[in-house]
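Overview (structure and organization)
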Amino acid sequence: MRHVELEALIPSEQARTVFDSVLRWEKYPDLAPHVKATTVHATYPAENSSSSWELHFRSGLLRWTEDDTFLPELGEIRFEQSDGDFDSFSGTWSVTQAGEDVAVRFDADFDFGIPSLEGILDPIAERVIKETVAWALTGLFPAVRLSGAVELTEPAALGA
């Protein structure tokens, strides 16, 4: 199982504003060049929410549908694949007020279920997922400060 994480700080914002912006999956194809398409089947405040995703991955597409759980009182968005290319894929977005700023943390665990290819596929998938989150946050909040090693690949250079 591979773990992906990204932390960010959004200056001079409110946690609820960030939370409400992050969950707008339909905007991600315009925000993140790795995202080919998203389909929102149901979203907050619906009790049973889900979305489908297509990401550019290697020379094809990585596809999945996830069940989304929105917990604004906790500042959390939880997701778990219900169908798709991963053997398993789940994670959490956490949005927390940090003084006048907002801390955002994205965590995900995935497994393709193909041990013989994990050395090839897992690092590429980790990079694509991390960059997608970074691009989305940068598009939503241009002043965001990303923590850790994330290098955003220019759209023309995508060969993921």
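What counts and how
- Residues numbered from 1 in each chain as written.
- Predicted model: local features only at pLDDT ≥ 70, side-chain atom pairs only at ≥ 80, totals over all residues.
- Heavy atoms only, no water.
- UniProt positions renumbered as here; feature names shortened; annotations may be inferred.
- Helix = DSSP H or I, 4+ residues; strand = E, 2+ residues; numbered from the N terminus.
- Buried < 20%, exposed > 50% of the residue type's maximum accessible area, 1.4 Å probe, protein only.
- Pairing = 2+ DSSP bridges.
- Core = buried A, V, L, I, M, F, W, Y, C linked by side-chain atoms within 4.5 Å.
- Contact = heavy atoms within 4.5 Å.
- Phe/Tyr/Trp six-rings, centres within 6.5 Å; stacked < 30°, edge-to-face > 60°.
- Salt bridge = Lys/Arg side-chain N within 4 Å of Asp/Glu carboxyl O.
- Axes fitted to C-alpha atoms, helices over the stretch in contact; angles between N-to-C directions.

1. Let's talk about the UniProt feature "domain: Coenzyme Q-binding protein COQ10 START" (unreviewed entry) in the protein chain
What UniProt calls "domain: Coenzyme Q-binding protein COQ10 START" (unreviewed entry) maps, in this numbering, to residues 15–133. End C-alpha atoms of residues 15–133 are separated by 17 Å, and the span's content is 24% helix alongside 50% strand.

2. With respect to the pairing of strand β3 (residues 49–57)
Where a strand is regular, its side chains alternate between the two sheet faces. Most of β3 sits out of view: 7 of its 9 residues are buried. Taking the residues between adjacent antiparallel strands as the criterion, strand β2 (residues 35–42) and β3 are bridged by 6 residues. Strand direction decides the pairing type here: β3 and strand β4 (residues 60–71), joined by 9 bridges, are antiparallel. Within β4, the position partnered with Ser51 by the bridge is Glu66. Counting the residues that bridge the hairpin from β3 to β4 gives 2 residues, and of these Arg58 lies at a positive phi of roughly 55°.

3. Brief notes about the nonpolar core
By size, the foremost hydrophobic cluster in this structure holds 43 residues, and its most contacted members are Tyr28, Trp93 and Leu137. Considering each element in turn, this core owes the most residues, 9 residues, to helix α3 (residues 118–140). The residues contacting Leu137, other than those within four sequence positions of it, are Leu6, Ala8, Val22, Trp93, Val104 and Val144.

4. Some thoughts on the packing of aromatic side chains
Counting across every chain of the model gives 17 aromatic pairs. Ring centres of Trp25 and Tyr28 lie 5.4 Å apart, and the angle between their planes is 75°; this geometry places the pair in the edge-to-face category. The same class applies to Trp25 and to Tyr28, which are both buried. Taken together, a centroid distance of 4.6 Å and an interplanar angle of 20° make the contact between Phe86 and Phe89 stacked. For the residue pair Phe86 and Phe89, the accessibility class agrees, reading buried in each case.

5. Considering the environment of Val102
If you trace the backbone, Val102 turns up in strand β7 (residues 101–111). When its relative accessible area of 0% is taken as the criterion, Val102 is described as buried. Sequence-wise, Val102 and Pro11 are 91 residues apart; in three dimensions their C-alpha atoms are separated by 6.5 Å.

6. Overview of the pattern of salt bridges
The full count for this structure, using the stated rule, is 10 salt bridges. One salt bridge in this structure joins Glu7 and Arg105, with 2.2 Å as the shortest N-O distance. One end of the pair, Glu7, is in strand β1 (residues 2–10); the other, Arg105, is in strand β7, and 98 residues separate them in sequence. Residue classification places Glu7 among the partly exposed positions, given a relative accessible area of 37%. Of the charged contacts, one joins Glu54 and Lys36 as a salt bridge, the two residues approaching to 3.9 Å between their closest N and O atoms. In this pair, Glu54 is assigned in strand β3 and Lys36 in strand β2, connecting sequence segments 18 residues apart. The class for Glu54 is partly exposed, based on a relative accessible area of 22%. Taken together, the shared-partner salt bridges connect Glu5, Glu7, Arg105 and Asp107 into one network.

7. Things to note about the sheet that holds β7
Ordered in space as β2-β3-β4-β5-β6-β7-β1-β8, the 8 strands form an open sheet in which the pairing is antiparallel. Of all the strands in the sheet, the pair left with one neighbour each is β2 and β8 (145–147). Going from strand to strand, the sheet's axes swing by 20° on average, the running direction of each strand aside. By the bridge criterion, 11 bridges tie strand β6 (residues 88–98) to β7 in an arrangement that is antiparallel. In the strand pairing of β7, Gln97 is matched with Val102. The sheet contacts of helix α1 (residues 15–22) involve β1, β4, β5 (76–84), β6 and β7, and relative to β6 the element is tilted by about 155°. Each of β1, β2, β3, β6, β7 and β8 touches α3; the most contacted strand, β1, lies at about 20° to it.

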